[in-house]
Amino acid sequence: MKFTLGAAALALAFAAPVQAQIASLDLANYSLVATYDLPAARASEASAVTWNWDSDTLFVVGDEGDYVVEVNKQGQLIGSMNLFGFDDTEGLTYVGNGQFAVVEERLQDVYLFSYQAGGAVGRNNLPSVSVGPTVGNIGLEDISYDPLSGRFVLVKEKVPQAVYDAALDFANGSASVTELVPPANPFAQIFGTLDLSGVQVLSTVQSLRGTTDQDNLLVFSQETPRLMEVSRSGQILSSFDFSAIAGDAEGVTIDGNGVIYIVGETPRLYVLAPTPPVPEPEVAALMLAGLGLVGAFARRRMPV
């Protein structure tokens, strides 16, 4: 397992074991704090990740659609469920009560299933909704459930790029879809990126509800590569350049404390966290007094 952790993040971990929830989101204040290898046998070519607020764990799906994998926030395997009959799973989101929605990119269909560790489920046995016609490898790339509205946000990769807001009725197999940011033409780049590969609503972060960030989205581009906070009208509010970190990352989620998790096909998990505020002088003195310990800790290989 590969693991990296900055000294600043280690100092924060010693000074404040429990991270406070964020009051606002600005990607300019985020930094990469950890990188973990994912279980390659089950999360091969990881294409999507979602945070389960009931278990406080992460769920990952690979684009071959063989497994949905539960991992902890350090990427360690907790359990998995076998999927069969799927071809190109690119999006995954938690909807509550142990249920998830998964996207087939080329079919542009969304399937609802209940997760059971060690179980198995076939595509043809699941309730589904069509969001668009069958296309090539340029279809739906990710999906995110908004617990405030009960609706979903989806992104289409390219030709054209698209961001959809959708009401999905799995009981009746119907969808009502609104295009949030219509492109000027089929080849237009909505956010100045070559593709759209991941999306995450911010209303899953309890502390952001009722703030100006509540309805904003995280959108990721694999080909550019860049993470962006955008409004639902298409305005880029902040961004994080991912090009020096990985070129194969594509799925994104955020937990209740505002920590962002991104997965790549390697498969690997990348963790972004807000830079801690400058501490009060008394706290700073305590942290400085412990730098020798932190420095020694940072030089050791972390146990797996």
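Our structure is the block above this text.
Computed from a prediction, not measured in an experiment: that's the story for all the values here.

Comments concerning the packing of aromatic side chains
Each aromatic ring pair is specified by the distance between its two centres and by the angle formed by the two planes. Under the counting rule described, the total for this entry stands at 13 aromatic pairs. Taken together, a centroid distance of 5.1 Å and an interplanar angle of 55° make the contact between Tyr 145 and Phe 152 tilted. The exposure class assigned to Tyr 145 is buried, which follows from its relative accessible area of 15%. Measuring from centroid to centroid gives 5.4 Å for Phe 220 and Phe 242, while their planes differ by 85°, and the two rings are edge-to-face.

Let's talk about the pattern of salt bridges
Throughout the structure, instances matching the rule amount to 10 salt bridges. Asp 56 is paired through a salt bridge with Lys 73; the nearest N and O atoms lie 2.7 Å apart. A residue pair is termed long-range when its members are at least 10 positions apart, and Asp 56 in the loop between β3 (46–52) and β4 (57–62) and Lys 73 in the loop between β5 (67–71) and β6 (77–84) qualify at 17 residues. For Lys 73, a relative accessible area of 16% puts it in the buried group. With a closest N to O distance of 3.6 Å, Asp 87 and Arg 123 form a salt bridge. In this pair, Asp 87 is assigned in the loop between β6 and β7 (89–96) and Arg 123 in the loop between β10 (120–122) and β11 (128–130), connecting sequence segments 36 residues apart. When salt bridges that share partners are traced, they join Asp 146, Arg 151, Asp 165 and Arg 232 into one network.

What counts and how
Residues numbered from 1 in each chain as written. Predicted model: local features only at pLDDT ≥ 70, side-chain atom pairs only at ≥ 80, totals over all residues. Heavy atoms only, no water. Phe/Tyr/Trp six-rings, centres within 6.5 Å; stacked < 30°, edge-to-face > 60°. Buried < 20%, exposed > 50% of the residue type's maximum accessible area, 1.4 Å probe, protein only. Salt bridge = Lys/Arg side-chain N within 4 Å of Asp/Glu carboxyl O. Helix = DSSP H or I, 4+ residues; strand = E, 2+ residues; numbered from the N terminus.

Without other data, these values stay purely geometric and don't point to any function.
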